[in-house]
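Listed here are the chains, written in short residue letters.
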Amino acid sequence: MDKSAAKGCQQCREAEPLGFDFSYAYQPIVQLSTQQIYAHEALVRGPNGESAWSVLSQVNEDNRYAFDQACRVAAIEGAAKLNLQGYLSINFLPNAVYQPAACIQRTLQAAEEFGFPTERIIFEVTEGEEVQDRPHLVNIFREYRRFGFQTAIDDFGAGYAGLNLLAEYQPHIIKIDMDLVRSIDTSVAKQAIVRGIVSICRDLDVKVLAEGIETPAERDTLRGAGIDLMQGYLFCKPALRAAGEIDPAAWG
C-alpha cells in the first residue's frame with residue numbers, strides 16, 4: 001500500500017470531524033420524452049445556502065478525504081428524507097479516493113442506513129476537480145460499476161473530460177459541458193459537435209445529458225439533436241434541502 005492509500009485508510013478509521021458545516025441543494029434532471037424527473041443532482045452549498053465555492057474553498061489536502069466521505073453520506077441522507085424519486089447523482093473527488101473498494105464502504109453503509117437503493121446512485125466527477133491520475137479515475141469508475149452504482153463523466157468536452165477518457169471508459173451517462181450548451185441554437189459549430197457526441201455515445205450505449213439549459217431555444221435544439229436528458233434553470237433551480245418543482249411550461 002502506498003503512502004497516500006495508507007493515509008486515506010487511516011482517515012477512514014479515525015473519522016475526524018471536518019471543522020466546517022455544509023448543506024445540499026437538489027436540482028432535478030428531467031427526461032423530456034416522459035416529462036418526468038429522471039434524477040436529482042446533489043449540489044453542495046453552505047449551511048444557509050451559500051455558494052459551493054464558500055464550502056469547497058475550505059477543502060484542502062488534510063480534510064479532502066473526510067469531506068468527500070461526509071458529502072456522500074449527507075447527500076444520501078438528505079435524498080432519503082426528502083423521498084426523492086429516480087436516481088441521485090453525487091459528485092465525488094477522485095483525488096480523495098485512495099482505494100475504491102475500501103473508500104466506498106461508508107457509502108454502502110449510508111445507503112443501507114437511510115434506505116436508499118445503491119442502484120439509484122450515480123457517481124460523477126465533481127465540476128472543476130483536477131484529475132491528477134486518469135488511470136486511477138478509470139479504476140474508480142470500474143470499481144463503482146462493479147458495486148452496482150451508475151457512473152457519469154461530467155463536463156464532457158472540457159478539460160480532462162474528453163474523447164480520450166471516453167475511449168478508456170464508457171460510463172452510463174456523459175454530461176455535455178454547459179459551454180457547448182450555451183446559445184447552441186445560434187451556433188452551427190456547437191450543433192455539429194453535439195450531434196457528433198450523440199452519435200458516438202449512441203454507438204457506445206452511453207446516455208447523453210445536457211446541463212445548464214436556460215432557454216427554450218437551447219432545449220429545442222438539443223432535443224432535435226437527439227438528447228432526452230436535460231438539466232438547467234429552464235426546468236428548475238437547485239432547491240436547498242428540498243425537492244424542486246418543474247415549471248410545466250418548461251417541457252415545451
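Residues numbered from 1 in each chain as written. Predicted model: local features only at pLDDT ≥ 70, side-chain atom pairs only at ≥ 80, totals over all residues. Heavy atoms only, no water.

The next subject is the overall build of the protein. The helix and strand inventory of the protein stands at 10 helices and nine strands. Looking at the 252 residues of the protein, the share that counts as buried comes to 49%. Contacts spanning at least 24 positions in sequence make up 67% of the contacts within the protein whose residues lie at least 6 apart. Only carbon and sulfur atoms are counted for the fraction: they give 49% of the accessible area of the protein, which is about 11700 Å². (Helix = DSSP H or I, 4+ residues; strand = E, 2+ residues; numbered from the N terminus. Buried < 20%, exposed > 50% of the residue type's maximum accessible area, 1.4 Å probe, protein only. Contact = heavy atoms within 4.5 Å. Areas by Shrake-Rupley, 256 points an atom, 1.4 Å probe, with all protein chains shown as cover.)

If you look at soluble globular proteins, the nonpolar side chains tend to sit buried side by side. Counting residues in each nonpolar core, the largest one holds 68 residues, and the members touching the most others are Phe67, Phe92, Ile174, Leu222, Ile227 and Phe235. In contact with Phe235, other than residues within four places in its own chain, are Val30, Leu32, Ile213, Arg219, Met230, Glu245, Ile246, Asp247 and Ala250. Among the nonpolar cores identified, the runner-up in size contains eight residues, and Ile29, Tyr38, Ile173 and Leu229 belong to it. (Core = buried A, V, L, I, M, F, W, Y, C linked by side-chain atoms within 4.5 Å.)

This model, assessed by the stated rule, comprises 13 aromatic pairs. Relative to Phe123, the ring of Phe92 lies with its centre 6.0 Å away and its plane at 90 degrees, an arrangement referred to as edge-to-face. Here Phe92, found in strand β3 (residues 87–92), pairs with Phe123, found in strand β4 (residues 121–125); they are 31 residues apart in sequence, far enough to count as distant. Assessed through its relative accessible area of 1%, Phe92 is described here as buried. Under the relative-accessibility criterion, Phe123 is labelled buried at 0%. (Phe/Tyr/Trp six-rings, centres within 6.5 Å; stacked < 30°, edge-to-face > 60°.)

Our focus in this paragraph is helix α9 (residues 188–204). A rise of 1.5 Å per residue sets the reference length of α9, with its 17 residues, at 24 Å; its end C-alpha atoms lie 25 Å apart and thus fit the reference within 8%. Buried-residue contacts for α9 involve β5 (150–156), α7 (163–168), β6 (173–176), α8 (178–181), β7 (207–211) and α10 (216–224). Downstream of α9 by a residue or two, Asp205 has a phi angle that is positive, lying close to 60 degrees. (Expected span 1.5 Å × (residues − 1).)

The next point concerns the side chain of Glu218. In this fold, Glu218 is placed in helix α10. Accessibility expressed as a relative area gives 2% for Glu218, which makes it buried. At a separation of 2.9 Å, a polar atom in the side chain of Glu218 contacts the main-chain amide nitrogen of Ser183. When near neighbours in sequence (up to four residues on either side) are disregarded, Glu218 contacts Val181, Arg182, Ser183, Ile184, Asp185, Gly212 and Ile213. (Polar contact = N/O pair within 3.5 Å; in protein donor to acceptor, adjacent residues only side chain to side chain.)

It is worth spelling out helix α3 (residues 64–81) at this point. Working note: α-helix, 3.6 residues per turn, so residues spaced by three or four point in the same direction. For α3, which comprises 18 residues, the first-to-last C-alpha distance of 26 Å matches the rise-based estimate of 26 Å (1.5 Å per residue) to within 8%. Every buried residue of α3 is accounted for by Arg64, Tyr65, Phe67, Asp68, Gln69, Cys71, Arg72, Val73, Ala75, Ile76, Gly78 and Ala79.

Next up on the list: the pattern of salt bridges. By the definition in use, this model includes 11 salt bridges. Of the charged contacts, one joins Glu61 and Arg64 as a salt bridge, the two residues approaching to 3.3 Å between their closest N and O atoms. Residue Glu61 is classed as partly exposed on the basis of its relative accessible area, which comes to 48%. Of the charged contacts in the structure, one is a salt bridge between Lys81 and Glu77, with a shortest N-O distance of 3.0 Å. (Salt bridge = Lys/Arg side-chain N within 4 Å of Asp/Glu carboxyl O.)

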